[in-house]
Amino acid sequence: ADMNLSDKFSLAVDYIQNLPPSGPYNPSNDEKLQFYSLYKQATIGPCKQKKPSFYDIIAKAKWDAWKKISKMSKDDAKRKYVTLFTKVAKKINNDESKAVLKKMAEGNKIATAAAGGLEINLVHLYGTMLSQPTRSVFWFCQLNAIPIEFHEVNLAGGEQKSAEFTAINPLQKVPVVVYEGKTYFESHSIIRMLAQYFPVANNWYPPEFDSRLRVEQYLDWHHLNTRKACASLVFAKFFLPMRGGAIPEDRMKELEKDVHLALKAFDKVFLAGKPFIIGDEPSVADLFAYNEINQMDLIGGPHKDEKKYPNLVAWLQRMSLLPGHTEMYQSVHMILPSKL
């Protein structure tokens, strides 16, 4: 029979709760709080206990962790517990942890997703790494150790218009994600789904309302400003000439002005007085912005003009140092003009 979510959750709980105190792996305090809160939410539901005394530091930390996820459904808590267990088990990497992971994997091979016989435990990402939104989703998964299988979609060959792909996304766009038999498209919505189902670090898509609202505020602005301006200029200066096309000079000047206005706003408003869009740590807003802006490497764009955009240039450098940047960006480097 298929291994359902409750079976996998029980396996994970049994392993984690029986870890020897002096064994091969000692979970961090953050991991312990995550396991505790997710277990409580999955088995009991919302925290209704009285808040512990300020001086009882450990009890208060546990209460805070549980209270923070009180709106999460029991099934979602189980999913996040299993995913966190998977990350920890891979760190431990001994015979016992491998056996539990193997048992889960064998159960997953029996169960197949509705969209084409895919393994249910993986996030199946369809796209091309030449797509800025696809790169952003891919990078987000890498940064948060989300198990992923990438499926290349040949846009130049029209694969997105095939019957097979249209069955996954009727809009015939990338990226698309298939997870647990369900299909998700539109990159910002994909990120929201992943943040709901996987234990991602809080800075990427903050659970706290005001911080999350600032992420959403940028994402709302992003589509018709950063993305539209940068992608339009790169298309006009790089991809259109490759097809033997060209646009009028006055239209090119309009596109360049649009980019300047977007970069100026990004520099003076969204990065004013802080290293990243919402504060001291990067969020998904930074991932989406970076991939749109840095595609202008293809045309030797104005985004690295330190005199015009000092905050932006410093931010680009900080973003380039994040883990997984090289792997995420290598597809763009492959088509960079040699003069750059």
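Structure's up top.
Residues numbered from 1 in each chain as written. Predicted model: local features only at pLDDT ≥ 70, side-chain atom pairs only at ≥ 80, totals over all residues. Heavy atoms only, no water.

S.K.: Any chance you could explain helix H4 (residues 74-92) here in plain terms?
M.R.: Two residues of an α-helix separated by three or four positions point the same way, owing to the 3.6 residues in each turn. Helix length check: H4, at 19 residues, gives a terminal C-alpha distance of 27 Å against a target of 27 Å (1.5 Å per residue), a fit within 8%. Looking one or two residues beyond H4, the residue adopting positive phi is Asn93, at roughly 55°. (Helix = DSSP H or I, 4+ residues; strand = E, 2+ residues; numbered from the N terminus. Expected span 1.5 Å × (residues − 1).)

S.K.: Honestly, the pairing of strand S3 (residues 176-179) in this entry has me stumped. Any pointers?
M.R.: On any regular strand, side chains alternate: one points to one face of the sheet, the next to the other face. On S3, burial covers both faces: Val176 and Val178 on one face and Val177 and Tyr179 on the other are all buried. The pairing of strand S1 (residues 123-127) with S3 spans three bridges and is antiparallel. Counterpart to Tyr126 in the pairing with S3 is Val176. Inspection of the sheet shows S3 paired to strand S4 (residues 182-185) by four bridges, in the antiparallel sense. What sits directly across from Val177, in S4, is Tyr184. Hairpin connection between S3 and S4: a loop of two residues separates the two successive antiparallel strands, and Glu180 in this loop has a positive phi of roughly 50°. (Buried < 20%, exposed > 50% of the residue type's maximum accessible area, 1.4 Å probe, protein only. Pairing = 2+ DSSP bridges.)

S.K.: Quick question: what am I supposed to make of the packing of aromatic side chains here?
M.R.: Each aromatic ring pair is specified by the distance between its two centres and by the angle formed by the two planes. Using the criterion set out here, one finds 17 aromatic pairs in the structure. Here the aromatic rings of Phe9 and Tyr81 are separated by 5.2 Å at their centres, their planes lie at 75°, and the arrangement is edge-to-face. Highlighted residues: Phe9 in helix H1 (residues 5-17) and Tyr81 in helix H4, separated in sequence by 72 residues. Residue class for Phe9 comes out buried when judged on its relative accessible area of 6%. (Phe/Tyr/Trp six-rings, centres within 6.5 Å; stacked < 30°, edge-to-face > 60°.)

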